[in-house]
Each structure stands twice: as C-alpha cells, then as structure tokens.
Amino acid sequence: MTINQVMVIGAGQMGAGIAQVFAQSGLKVKLNDMSQDALDQGLAGIEKRLGRAVEKGRMTAEQQQEAVQRLSGTTDLKDASDCDLVIEAVIEKMDVKVSVFQQLDEITPAHAILATNTSSLPITEIAAATERPSQVIGMHFMNPVPVMKLVEVIRALQTSDETYQAIEDMTKKLEKTPVEVEDFPGFVSNRILMPMINEAIYTVHEGVASAEDVDAVMKLGMNHPMGPLTLADFIGLDTCLYIMEVLHDGFGDSKYRPCPLLRKYVKAGWLGKKSGRGFYIYD
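All values reported here derive from a predicted model rather than from experimental measurement. (Residues numbered from 1 in each chain as written. Predicted model: local features only at pLDDT ≥ 70, side-chain atom pairs only at ≥ 80, totals over all residues. Heavy atoms only, no water.)

(A) Representation of the pattern of salt bridges in the model. This structure, assessed with the given rule, holds 9 salt bridges. Across the salt bridge formed by Arg70 and Glu66, the nearest N and O atoms sit 3.8 Å from each other. Look at Arg70 and you get partly exposed, because its relative accessible area is 25%. Look at Glu66 and you get partly exposed, because its relative accessible area is 32%. Asp161 is the partner of Arg155 in a salt bridge, and the nearest nitrogen-oxygen pair spans 3.1 Å. (Salt bridge = Lys/Arg side-chain N within 4 Å of Asp/Glu carboxyl O. Buried < 20%, exposed > 50% of the residue type's maximum accessible area, 1.4 Å probe, protein only.)

(B) The environment of Ile3, seen in detail. Inspection of the secondary structure assignment puts Ile3 in the segment before β1 (5-9). Apart from residues no more than four positions distant in its own chain, Ile3 is found in contact with Leu27, Asp84, Leu85 and Met170. (Helix = DSSP H or I, 4+ residues; strand = E, 2+ residues; numbered from the N terminus. Contact = heavy atoms within 4.5 Å.)

(C) Fine view of the packing of aromatic side chains. The final tally for this structure, using the stated rule, is 3 aromatic pairs. Geometrically, the ring pair formed by Tyr265 and Trp270 is edge-to-face, given 5.2 Å between the ring centres and 75° between the ring planes. Accessibility expressed as a relative area gives 15% for Tyr265, which makes it buried. Over the face of the ring belonging to Trp270 we find Arg277, whose NZ or CZ atom lies 3.8 Å from the ring centre. (Phe/Tyr/Trp six-rings, centres within 6.5 Å; stacked < 30°, edge-to-face > 60°. Lys NZ or Arg CZ within 6 Å of the ring centre and 35° of its normal.)

(D) Focus on the nonpolar core. One finds Ile18, Phe22, Val29, Leu31, Leu85, Ile87 and Phe141 to be the most contacted residues of the largest nonpolar core, which totals 39 residues. Per element, the largest residue contribution to this core is 7 residues, and it comes from helix α1 (residues 13-24). The contact partners of Ile87, leaving out residues within four places of it in the chain, are Met7, Val8, Ile9, Ile18, Phe22, Ala115, Asn117, Met139 and Phe141. Counting 23 residues, the second largest nonpolar core, distinct from the first, contains Tyr202, Cys259, Tyr265 and Tyr280. (Core = buried A, V, L, I, M, F, W, Y, C linked by side-chain atoms within 4.5 Å.)

(E) Geometry of the sheet that holds strand β6 (residues 136-141). Taking strand neighbours across the sheet as the criterion, the 8 strands line up as β3-β2-β1-β4-β5-β6-β7-β8 in an open arrangement whose pairing is mixed. Both outer strands of the open sheet, β3 (71-74) and β8 (177-182), are each paired with one neighbouring strand and no more. The average angle at which neighbouring strand axes cross in this sheet is 25°, direction not considered. Taken together, the 4 bridges between β1 and strand β4 (residues 85-88) define a ladder with parallel strand orientation. Among the inter-strand pairings, Val8 is bridged to a residue of β4, identified as Ile87. (Pairing = 2+ DSSP bridges. Axes fitted to C-alpha atoms, helices over the stretch in contact; angles between N-to-C directions.)

(F) The UniProt feature "site: Important for catalytic activity" (unreviewed entry) in the protein, seen in detail. When the UniProt feature table is mapped to this numbering, "site: Important for catalytic activity" (unreviewed entry) covers His140. Locating His140 in the fold gives a position in strand β6. Given the relative accessible area of 6%, His140 is considered buried. The residues contacting His140, other than those within four sequence positions of it, are Thr116, Asn117, Thr118, Ser119, Leu150, Val151, Glu152, Ile154, Phe187, Ser189 and Asn190. (UniProt positions renumbered as here; feature names shortened; annotations may be inferred.)

(G) Seen up close, the environment of His248. Checked against the element boundaries, His248 lands in helix α10 (residues 237-251). Under the relative-accessibility criterion, His248 is labelled partly exposed at 27%. Considering only alpha carbons, one finds His248 and Gly51, 197 residues apart in sequence, at a separation of 42 Å.

(H) Molecular detail of the packing of α1 against helix α2 (residues 36-55). Packing of α1 against α2 brings their axes to within 9 Å, and their N-to-C directions diverge by 50°. Here α2 runs oblique to α1, going by the angle between their axes. When you trace α1 past α2, the crossing you get is right-handed. Every residue of α2 that contacts α1 at Ala16, Gly17, Ala19, Gln20 and Gln24 is listed here: Gly42, Ile46, Arg49 and Leu50. Each residue belonging to the contact of α1 with α2 can be placed in one class, and the counts come to 4 nonpolar, 4 polar and 1 charged. (Parallel < 35°, antiparallel > 145°, perpendicular 65-115°, else oblique. Left-handed = near helix turned anticlockwise from the far one by under 90°. Nonpolar A, V, L, I, M, F, W, Y, C, P; charged D, E, K, R; others polar.)

(I) Fine view of the domain arrangement of the protein. One can read the domain layout of the protein as domain 1 (5-182) and domain 2 (190-275). The straight-line distance from the C-alpha centre of domain 1 to that of domain 2 is 27 Å. Contact with domain 1, which involves 9 residues of that partner, is made by 5 residues of domain 2. In this assembly, domain 1 packs against domain 2 so that about 540 Å² is buried in total across both faces, 56% of it on carbon and sulfur atoms. Sorting the residues of domain 1 by area buried against domain 2 places Glu92, Ser119 and Ser120 first, and these three jointly supply 54% of that buried surface. One can count 0 salt bridges joining domain 1 with domain 2. Here domain 1 and domain 2 share 2 residue pairs in polar contact (both at pLDDT 80 or more) between them. Tallied by class, the residues present in the side of domain 1 that touches domain 2 amount to 2 nonpolar, 5 polar and 2 charged. (Domains from an automatic or database assignment. Buried area = accessible area lost by both parts, 1.4 Å probe. Polar contact = N/O pair within 3.5 Å; in protein donor to acceptor, adjacent residues only side chain to side chain.)

Following this line, the structure appears as structure tokens:
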C-alpha cells in the first residue's frame, strides 16, 4: 500500500521525534496531542532541532522549511480520518493505548495501518481490541528518534505479511534500520537493556560501588558510550520500573524482579533527569 498521510499521537519526546523524521522524509504528518500546551511544545521542539541541523550543515534552510510545511498540529483525534498510517506514542499504560486504538479503529479509513511505539506492552493484546487486528503492528523507535537508526518492528500474532512489509518499507524510507521482532515482553532491546540497568541499581543498592563508579566501569571497561545509571536517569526511573514490572509479570521469572532501590527512588519522585534528581542531581 502507499502511505502518504501520517498521524503521530502524543507530542512528547518520542512522538515529536517520530513526527520529525516522517516530515524530513517527505511525508505529510499530523502531530496530535490532547493538550494544546504539549502540542505547542512538541512542534516548537521540532523546529528548534531542525534549525540546529541547519546550523550544523546537516540540512539546508530550504529542506528545513519544506519539512516544517509538511507538519501540522491537531488536538482532535478525528483528524486521523484521512490517514494511511497512525503511530501511537502515548503513556505506557495498556488501558490508555487500547482506548486510543478503539477510537482510531472507528475514525481511520479501512486500509489504514495502526502502529504503536510501545517499548514493552503486548502488541497482540492491543490488536485484539480492534476490528482490524491484521493491520496493527509495533514500531518501537529508539530515543532520541532523529539520531538513532534502529526501529524494532514487532508483529502481533495477528499482523499480516502485507502490513509488516509496508512498515518495513516505510522504516527504510525514514533512513532507519528495521529489525523484525516477535511479540514478547520487552521485545529485544528492553529485554536485554532493562535487566542490565536493574543489575547496576542492585550493585549500588548492595554497596558494591557508587553510581559514578558503576558507570565508569561500564564506560571504560565495556566501552559503553553512557553508563547504565546515567542512561536510567535519561530514560526515566519510573519508565525503567514500569518496564521491569512488565518483564517480571510477563515471564514470571525472579531474574526480572525490580530492585527495591529503584522502587524507593520512584516513590520519592526521584525520576532522573526530567525531575532534576535520580542517581545524579541535575540543574
């Protein structure tokens, strides 16, 4: 199928980044959020990043303007009525996502593909909430979206080959690298990454080393560009906890048990960079 008009739902860091790469790739994209303030911030962030790309010589001023002109904002989900592809990037709660997909199922054209950017929730369950389960798929972008090349393309149990192929082709058009993944908790990226972060937190919790020293070991000894605890602060400790709980519930294996220190930090409101404090303190 041909995908010309796209909507991204959720104007946060991930949703705005996804909308940006679609606009840069020549597609018309509507960025949707129920909050006008969030929508305005998302659109402003895109224009700022595009402007920075011009300053660094990564695109021309003309390309910047063309990308901005392909982008529009809306707070009305009904504006998805002419879209060929809708990508949901709202909060990681199943009931919220199911509600969005049920509404989209009624609003969008019969041919439209409905994708979710969920980082851990089962695509099969989301698909089952619609009348078009064969046209539901996961597109898990990495953060920051404009920079990171990987997209995990996750098949629900019901996803058709045609839907998968259309999304794989679209991912390549975005100049991203699609990796086919089956629908298991955490997929590939977070099934491997989050237990590593959780173990790093256990290392601090048990007094083996400080957060700074744990990060130094992984950067200098394992050649990681960022230490796991710095990365956890960047992701958000509440998000890390939520994904660990999905893994623990999904597999029923004690190796995915969230560290008590992670729970304590989240209860304290120490969520990482976004709250000003996590394993490190931020201005």
